[in-house]
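Residue strings, one per chain:
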Amino acid sequence: MSTYYQPRKYPASDFASMQPDAEALPVVVVGAGPVGMAVALGLAQRGIPVTILEAADQVSFGSRAICISRHSLEAAARLGFGAELEKIVLPWVGGRSFYRDQQVLHFRMPQREFDVRPPMINVSQSEYEQIVVDTIEQNPLITLHWQASIAGILRDDDQVTLEVDTAFGKRHLRAAWVVAADGGRSRMRELAGLRLEGTNYEGRYVIADIHWESELPAERMVWFDPPSNPGSTIIMHKQPKNIWRIDYQLDPSEDAEIETREDAIRARITKHLDWLQNDLPWTLEWHGFYSARALALREFTHDRILFAGDAAHLVPIFGVRGLNSGMEDAETLAWQLAAVVHGNADRALLQAYSIERHDAWEQNVANAGKSTLIMSPGTHGYRTTRDAVLALAVNRPEFGELINPRQSSATHARLSPLTWPVAEGLTGVLPGDPVEDRRVRVAAAGGSTESSLNAVRGNGFAVVGFGLDAAGSAALSAAAADLAAALAPESVRAVVVGADSSDADQVTVLDAPDLAEALGATGGEAFVIRPDGLLLCRVPVGDLSGVAAALRAGTAPEGPAVPARPAQILTEDEQRRENVWLGLSDALDQVDPSDREGFLVRLALQLGSQAGHREFEEAIAAATDTSPVSTRELAPQA
């Protein structure tokens with residue numbers, strides 16, 4: 001019996017048009033996907049009524065974005081649906097890649113003793129969204145209208161009028177702010193006359209969910225050029241309840257209309273499962289189609305319309321950054337928009353949202369783009385080098401790192417106008433960096449209790465002091481209280497680590513002797529952590545008084561910029577191999593096709609003349625090894 005999730009249907013919502021003299025709604029969110037609903041929950045936590053308009057009559061159907069990162073799980077906990085979500089998910093920590101049937105990569109994501117959650121979990125986007133809808137239905141500040149699609153918009157200086165198509169006729173709503181979170185085919189983006197810009201990749205993938213009671217492990221498995229589907233790339237992910245997600249690449253010569261028919265999909269999957277020596281029955285539950293794109297709006301803030309998630313930007317699927325980056329958008333936008341709505345910040349704060357999240361898109365594309373060049377190389381040069389890397393990786397594991405999927409991780413905001421300067425040479429977690437959740441103990445008169453940094457700081461700001469005496473703790477508590485008054489009703493919590501807080505009010509004391517070292521903090525410092533988990537600033541306790549004014553203005557004090565942060569931390573050898581792969585791929589694409597062999601010979605002569613005789617002979621031997629790949633073991637190796 002299939003366990004595939006079937007979302008419930010909702011009746012069409014009927015609501016009246018607003019009268020001309022009625023006060024505009026504070027915020028209307030267009031789109032009840034994960035991002036739009038997360039924005040609504042974040043705003044409601046801050047006391048702001050939100051109306052959500054959703055064109056469909058249910059949450060999305062199908063697995064879609066199945067991989068949820070640790071950082072998104074933290075956001076879910078802050079937004080109030082994390083506990084329910086974690087009841088149904090399937091955690092995983094790594095994966096394997098195969099060239100034909102030989103393993104060429106086994107990667108593992110960080111899973112350390114202090115981590116509170118797994119690095120990645122799998123769950124159907126449909127079930128994820130239903131949990132969020134159920135949470136929203138319990139929130140009196142959020143109204144969700146089903147089967148309400150946007151037909152037109154009219155923008156004024158102080159509001160946006162929305163024309164809405166409903167089952168009961170056209171309705172008109174007016175909102176002070178509109179959040180456009182209506183997906184990759186955004187109607188709001190179209191009506192605003194905006195276009196995404198960037199790169200469309202050539203790779204096309206069929207995606208399918210099957211019910212299959214296999215004992216294969218819960219990990220990301222990828223086959224390049226498998227004997228079951230020569231020339232293709234196949235990705236498999238296990239989901240809860242024996243549901244498997246299978247993605248496979250189409251050849252450029254194949255007709256997508258034909259290949260997305262159910263009989264063609266069943267035939268392709270059957271071939272692969274038979275090759276894996278499957279003797280278990282399976283059923284096709286859902287299927288879709290995907291092509292890789294790296295596109296974004298130039299600006300995410302357009303007067304009183306704010307774009308988030310796929311409506312603002314698209315990233316290639318590889319590395320699972322779509323929904324996860326959208327959740328970052330939602331948390332950042334929620335606290336910043338709330339500050340503006342409550343009159344605690346100028347509208348310049350929303351420009352900071354646009355700058356931060358566009359830069360985050362660029363960070364994601366920097367990693368996802370490289371993964372796409374491996375998964376779906378679109379040119380002769382990149383196809384040639386990808387195949388060469390795979391062949392070398394069979395016997396030279398160091399080349400396997402080039403096909404690492406670079407799984408999604410939290411982005412930084414070092415370039416944000418909100419991010420405070422730091423002294424030159426400062427190390428550790430720097431302003432703009434995400435602050436990881438960690439297991440900690442909270443000190444109390446009767447002894448300490450287990451908790452986490454995320455739980456201690458709550459869903460608002462946290463001011464964390466290190467190595468303070470009683471006077472320092474009292475000063476930190478007072479500064480946190482002043483910040484809370486300036487940002488009300490935003491939550492602001494005061495936390496001290498390794499301090500004498502006997503005379504300080506409203507301070508949480510952590511028994512976490514390793515926390516200062518982990519963050520790179522020094523005695524007397526205070527870290528201000530934003531609601532979205534990013535570090536705003538690290539300053540002496542006495543300098544905390546300037547935080548509220550900086551947030552109100554939407555800009556940080558002047559000073560030395562925070563150093564640039566690489567998109568991915570690589571060793572010197574890994575960076576060298578990546579540079580060679582990218583440089584050689586581009587060179588092959590630029591050289592005249594009739595001279596490719598000559599180019600490679602000239603390149604080998606030049607590089608070989610710089611190597612020792614033995615090293616050059618070993619390199620020739622490795623490159624010459626084209627022995628056929630064994631097919632003795634068809635199932636993934638344990």
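On a predicted model such as this, the values are computed, not experimentally measured, just so you know.

K.L.:
Just to check I follow, could you spell out the overall build of the protein for this structure?
P.N.:
When helices and strands are tallied, the protein shows 17 helices and 26 strands. By the compact-globule yardstick of 26 Å for 638 residues, the protein fits well, its C-alpha radius of gyration being 26 Å. If one aligns the C-alpha atoms of the protein with their principal axes, the spans along those axes are about 70 × 65 × 50 Å. Out of the 638 residues in the protein, the part that is buried amounts to 54%. If you take every contact in the protein between residues at least 6 apart in sequence, the share linking residues at least 24 apart comes to 74%. Charged side chains of the protein number 56 positive and 85 negative; the gap between the two group centres comes to 3 Å.

K.L.:
Even after reading the chapter, I still don't get the packing of aromatic side chains, so can you show me in this structure?
P.N.:
How two aromatic rings sit relative to each other is given by the distance of their centres and the angle of their planes. All told, the structure shown has ten aromatic pairs when counted by the stated rule. Between Phe-81 and Tyr-128, the aromatic rings sit 5.7 Å apart at their centres with planes inclined by 85 degrees, giving edge-to-face as the arrangement. Remark: Tyr-128 occurs in helix α4 (residues 125–137) and Phe-81 occurs in the loop between α2 (70–79) and α3 (82–86); sequence separation between them is 47 residues. For the pair Tyr-382 and Trp-581, a centre-to-centre distance of 6.1 Å together with 90 degrees between the ring planes defines the contact as edge-to-face. Taken as a pair, Tyr-382 in helix α10 (residues 380–393) and Trp-581 in helix α15 (residues 572–590) lie far apart in primary sequence, 199 residues in all. On the basis of relative accessibility, which here comes to 8%, the residue Tyr-382 falls in the buried class. Over the ring of Phe-114 we find Arg-438, and its NZ or CZ is 3.7 Å from the ring centre.

K.L.:
Help me out: how do you make sense of α15 in this one?
P.N.:
In an α-helix, one turn spans 3.6 residues, which is why side chains three or four residues apart end up on the same side. Over its 19 residues, α15 runs 27 Å from end to end, which matches the ideal 27 Å to within 8%, given 1.5 Å per residue. The set of residues buried in α15 consists of Glu-578, Trp-581, Ser-585 and Leu-588. Within α15, the buried residues cover an arc of 110 degrees as seen down the axis, which keeps them to one side. Residues of α15 that are exposed and point over 90 degrees away from its buried face: Glu-572, Val-580 and Gln-590. Residues of α15 that are buried in the fold lie against α9 (348–375), α10 and α16 (596–608).

K.L.:
In this structure, what is going on with the nonpolar core? I would like to understand it.
P.N.:
What tends to happen in soluble globular proteins is that the nonpolar side chains get buried as a cluster. Counting 111 residues, the largest nonpolar core has Ile-52, Phe-81 and Phe-307 as its most contacted members. No other element matches the nine residues that helix α8 (residues 322–341) contributes to this core. The residues contacting Phe-81, other than those within four sequence positions of it, are Leu-41, Ala-76, Tyr-128, Ile-131, Val-132, Thr-135 and Met-327. Membership of the second largest hydrophobic core comes to 28 residues, among which are Tyr-205, Phe-318, Leu-373 and Trp-581.

K.L.:
Is there a simple way to explain the sheet that holds strand β7 (residues 120–122) in this structure?
P.N.:
Consider a sheet: its strands pair through backbone hydrogen bonds, and that pairing is either parallel or antiparallel. In space, the three strands of this open sheet follow the order β3-β7-β4, with antiparallel pairing throughout. Among the strands making up the open sheet, the edge pair consists of β3 (67–69) and β4 (90–92). The mean inter-strand angle of the sheet, taken between neighbouring strand axes irrespective of direction, is 35 degrees. On top of the sheet, α2 reaches β3 and β7; it is set at about 75 degrees to β3, its chief contact.

K.L.:
Got a minute to help me understand the pairing of strand β26 (residues 535–540) in this structure?
P.N.:
Residues in a regular strand project their side chains so that they alternate between the two faces of the sheet. Among the six residues in β26, five count as buried, and that is most of the element. Taken together, the five bridges between strand β25 (residues 525–529) and β26 define a ladder with antiparallel strand orientation. When the sheet's bridge partners are listed, Ile-529 is paired in β26 with Leu-535. Where β25 folds back onto β26 in an antiparallel hairpin, the turn is made up of five residues, including Gly-533, whose phi is positive at roughly 90 degrees.

K.L.:
Explanation requested: the pattern of salt bridges in the structure shown.
P.N.:
Charged atoms that come close allow side chains of opposite charge to pair. Scanning the entire structure with this criterion turns up 37 salt bridges. Asp-595 is paired through a salt bridge with Arg-602; the nearest N and O atoms lie 2.7 Å apart. The class of Asp-595 is partly exposed, set by a relative accessible area of 27%. Classification of Arg-602 as partly exposed rests on a relative accessible area of 41%. Taken together, the salt bridges that share partners define one network made up of Arg-70, Arg-112, Asp-115 and Glu-436.

K.L.:
I tried to follow the side chain of Thr-385 on my own but got confused; where do I start?
P.N.:
With respect to the helices and strands, the residue Thr-385 is situated in helix α10. Thr-385 gets classed as buried once you look at its relative accessible area, which sits at 6%. Among the polar contacts made by the side chain of Thr-385, one reaches the main-chain carbonyl oxygen of Tyr-382 at a distance of 3.3 Å. Leaving out residues up to four positions away in the same chain, Thr-385 has contacts with Trp-581, Leu-584, Ser-585 and Leu-588.

K.L.:
I'm lost on the environment of Ala-83 in this one. Help?
P.N.:
Relative to the helices and strands, Ala-83 is located in helix α3. By relative accessible area, which is 60% here, Ala-83 ends up exposed. Sequence spacing of Ala-83 and Leu-73 is ten residues, and the spatial spacing of their C-alpha atoms is 9.2 Å.

K.L.:
When you look at the packing of α8 against α9 in this model, what are you seeing that I'm missing?
P.N.:
The angle between the axes and the distance between the axes are what describe a pair of packed helices. Two elements in contact, α8 and α9, have axes whose closest approach is 9 Å; the angle formed by their N-to-C orientations is 170 degrees. Classified by the interaxial angle, the pair formed by α8 and α9 is roughly antiparallel. Residues Ser-325, Glu-328, Asp-329, Thr-332, Leu-333, Trp-335, Gln-336, Leu-337, Ala-339 and Val-340 of α8 form the contact with α9, whose own contacting residues are Leu-349, Leu-350, Ala-352, Tyr-353, Glu-356, Arg-357 and Asn-364.

K.L.:
Explain a negative patch on the surface here, please?
P.N.:
On the surface, a cluster of negative charge is made up of Asp-156, Asp-157, Asp-158 and Asp-303. Here Asp-156 is to be found in the loop between β9 (149–155) and β10 (160–166). By relative accessible area, which is 37% here, Asp-156 ends up partly exposed.

K.L.:
Explanation requested: the side chain of Asp-359 in the structure shown.
P.N.:
Within the secondary structure, Asp-359 is located in helix α9. Buried charge without a salt bridge: Asp-359, with Arg-357 as the nearest opposite-charge side chain at an N-O distance of 8.0 Å. Asp-359 has contacts with His-412 and Leu-415, leaving out every residue within four places of it along the chain.

K.L.:
Help me understand the environment of Ala-480, please; the structure alone is not making it clear to me.
P.N.:
Along the chain, Ala-480 turns up in helix α12 (residues 470–487). Overall, Ala-480 belongs to the buried group, its relative accessible area being 3%. Spatially, the C-alpha atoms of Ala-480 and Arg-171 are 45 Å apart, while their sequence positions differ by 309 residues. Once residues within four sequence positions are removed from consideration, Ala-480 is found in contact with Val-463, Val-492 and Ala-494.

Parameters and conventions
- Residues numbered from 1 in each chain as written.
- Predicted model: local features only at pLDDT ≥ 70, side-chain atom pairs only at ≥ 80, totals over all residues.
- Heavy atoms only, no water.
- Helix = DSSP H or I, 4+ residues; strand = E, 2+ residues; numbered from the N terminus.
- Rg over C-alpha atoms; globule rule 2.2 N^0.38 Å.
- Buried < 20%, exposed > 50% of the residue type's maximum accessible area, 1.4 Å probe, protein only.
- Contact = heavy atoms within 4.5 Å.
- Lys, Arg positive; Asp, Glu negative; His and termini not counted.
- Charge placed at Lys NZ, Arg CZ, Asp CG, Glu CD.
- Phe/Tyr/Trp six-rings, centres within 6.5 Å; stacked < 30°, edge-to-face > 60°.
- Lys NZ or Arg CZ within 6 Å of the ring centre and 35° of its normal.
- Expected span 1.5 Å × (residues − 1).
- Arc of directions from axis to C-beta.
- Core = buried A, V, L, I, M, F, W, Y, C linked by side-chain atoms within 4.5 Å.
- Pairing = 2+ DSSP bridges.
- Axes fitted to C-alpha atoms, helices over the stretch in contact; angles between N-to-C directions.
- Salt bridge = Lys/Arg side-chain N within 4 Å of Asp/Glu carboxyl O.
- Polar contact = N/O pair within 3.5 Å; in protein donor to acceptor, adjacent residues only side chain to side chain.
- Parallel < 35°, antiparallel > 145°, perpendicular 65-115°, else oblique.
- Patch = residues over 30% accessible without salt bridge, like charges linked within 9 Å, V, L, I, M, F, W, Y side chains within 5 Å.
- Areas by Shrake-Rupley, 256 points an atom, 1.4 Å probe, with all protein chains shown as cover.

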